Amino acid sequence: MPEIRNYTMNFGPQHPAAHGVLRLVLELDGEVIQRADPHIGLLHRGTEKLAESKPFNHTIGYMDRLDYVSMMCCEHAYVRAIEQLLGIEAPERAQYIRVLFDEITRVLNHLLWLGAHGLDLGAMTMFLYTFREREHLIDCYEAVSGARMHATYYRPGGVYRDLPGEMPKHLESKWHKGKNLERLNEWRQGSLLDFIEAFADDFPGRIDDYETLLTDNRIWKQRTVGIAVVSPERAYQMGFTGPMLRGSGVAWDLRKKQPYAVYERMDFDIPVGTQGDCYDRYLVRVEEMRQSTRIIKQCVEWLRNHEGPVMVQDFKVAPPTREEMKGDMEALIHSFKLFTEGYCVPRGETYAAVEAPKGEFGCYLISDGANKPYRLKCRAPSFVHVQAIEELTKGHMLADVVAVIGTIDIVFGECDR
């Protein structure tokens, strides 16, 4: 009789459902997972080490490229860490703009997650729907920073510039003309705030469409209910944060528990799950999109009624305006020194964390008094969550590995750093 032994196979790194460069070495008994060994590091770019050789303000752009789906949230943690060491605080209007774009980023992240997770489990229409809405929000990124993804919009002391009073419009072309062009420009007749408000009014109906397709769908529930169940105690032990922790029924959210920026003034709820399975984590993320829309509306209303500066008036930290720089020698020197040498940050260490869409993203920063960090350590939620893959997949079928990787919402830019 031939010997019965487990079968070992690679899942990824080229597999489309590995969501990046994850190599999983699976040990299978038939189609049942016995072991799952995640091999990471294939996207390691040495971000933390690179930061040690560059002035503080030159590293903001690297933060966008860590979790390249939640760009501005990563910037926020790094910028907050620098502000804590410098002992400065961004103006109130800048704080509201940061909260506004943190929530836009959360919706962007969850839309990509929902589209990709649906595609992985066979619901292709979700991918097309979610990218339709993502396009509007990426236009908001482009309107404030000029870049569609890697914005470098948050700066120590505030944000790069105020919200534009005019939204760029689509021009007529052989693809966009007539009624189609009018429809595309319908929300773009006013300012960026008008555009965001129109999106926030329309978006809850779009979420209803997503839920119509998935929430009570028999196939979707068969693929997610009872898969990768995590108890609240175990979620604590494994260091889960964000939707992975809230899906297990723990109402932990840094925006409520350790509020930063102006989150203590916002009215929103923390959605939590009851079973701790893939389905609950899906419901938590969908509800988070609804709550983010509430926060976006509150920020838009405040920003409409309150003008003010968006950057501290300190030329050692913030650059002078272009007009000042062109006409004043002192301002020219300040601008040149700021963008070439940066600024010396007082000696000390700090940890600043934000509630990023995937969980707690934090920056531990040590300064020795120079113009570059002595040490930067990023606490990336994906890195913490990937350790749970073996425990979550053990005893499940090979097809469920895809559901587990999807429910973790993993991005390897921040995992490998």
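Heads up: the structure comes first, above all this text.
These numbers were taken from a predicted model, which means no experiment stands behind them.

Draft legend 1. How the structure looks around the pattern of salt bridges. One pass over the structure, following the stated rule, counts 32 salt bridges. When the shortest N-O distance is used, the salt bridge between Asp201 and Lys297 registers 3.3 Å. Residue Asp201 is found in helix α7 (residues 192-214), and its partner Lys297 is found in helix α12 (residues 278-305); the two are separated by 96 residues along the sequence. Taken together, the shared-partner salt bridges in this structure form one network comprising Glu103, Arg106, Arg246, Asp253, Arg255, Glu288 and Glu355.

Draft legend 2. Layout of the sheet that holds strand β8 (residues 375-379). Pairing is antiparallel in the open sheet, where three strands are placed in the order β6-β7-β8. Two strands bound the open sheet, and with one partner strand each, they are β6 (348-356) and β8. Across the sheet, the axes of successive neighbouring strands diverge by a mean angle of 10 degrees, strand direction being ignored. Sheet analysis places β6 next to strand β7 (residues 359-367), joined by nine bridges and oriented antiparallel.

Draft legend 3. Up close: the nonpolar core. Ranked by size, the top nonpolar core spans 116 residues in total, and within it Leu100, Phe101, Tyr153 and Leu163 carry the most contacts. For this core, the element with the most residues is helix α4 (residues 92-120), which contributes 12 residues. Other than its neighbours up to four places away in sequence, Leu163 contacts Ile97, Leu100, Phe101, Val144, Tyr153, Leu192, Leu193 and Leu303.

Draft legend 4. View of unusual backbone geometry. Here the phi dihedral of Thr152 falls at roughly 50 degrees; this positive angle occurs in a residue that is not glycine. Tracing the chain through its elements places Thr152 in the loop between α5 (124-145) and β4 (154-155). Positive phi, normally seen in glycine, also occurs at Ala228, with a value near 55 degrees. As for its placement among the helices and strands, Ala228 is situated in the loop between α8 (218-224) and α9 (232-237).

Draft legend 5. Molecular detail of the sheet that holds strand β2 (residues 23-29). A sheet is described by the order of its strands in space; here three strands give the open sequence β1-β2-β3, paired in antiparallel fashion. For this open sheet the edge positions go to β1 (7-11) and β3 (32-39), each flanked by a neighbour on one side alone. Geometrically, the sheet is characterised by an average inter-axis angle of 25 degrees between neighbouring strands, direction not taken into account. As paired elements, β1 and β2 share five bridges and run antiparallel to each other.

Calculation notes
- Position numbers for residues start from 1 in each chain and track the written sequence from start to end.
- This being a predicted model, a pLDDT of at least 70 is required before a residue's local features are given, and a value of 80 or more before pairs of side-chain atoms are given or counted; all residues contribute to the totals for chains, interfaces and linings.
- Hydrogens and waters are ignored; side-chain quantities use all the structure's heavy atoms.
- Put simply, a salt bridge is a Lys or Arg side-chain nitrogen that is within 4 Å of an Asp or Glu carboxyl oxygen.
- The numbering of helices and of strands both runs from the N terminus, where a helix is a DSSP run of H or I of at least 4 residues and a strand a run of E of at least 2.
- Strand pairing is assigned whenever DSSP identifies at least 2 bridges connecting the two strands.
- Only the stretch in contact is used when a helix axis is fitted, and all axes are lines through C-alpha atoms; the angle between N-to-C directions ranges over 0 to 180 degrees.
- Residues belong to a common nonpolar core when they are buried Ala, Val, Leu, Ile, Met, Phe, Trp, Tyr or Cys residues joined through side-chain atoms within 4.5 Å.
- Classification of residues uses two cut-offs on accessible area relative to the type maximum, computed with a 1.4 Å probe and protein chains only: under 20% is buried, over 50% is exposed, and between them is partly exposed.
- Every residue pair with non-hydrogen atoms within 4.5 Å of one another is taken to be in contact.

Coordinates in, geometry out; function isn't part of it.
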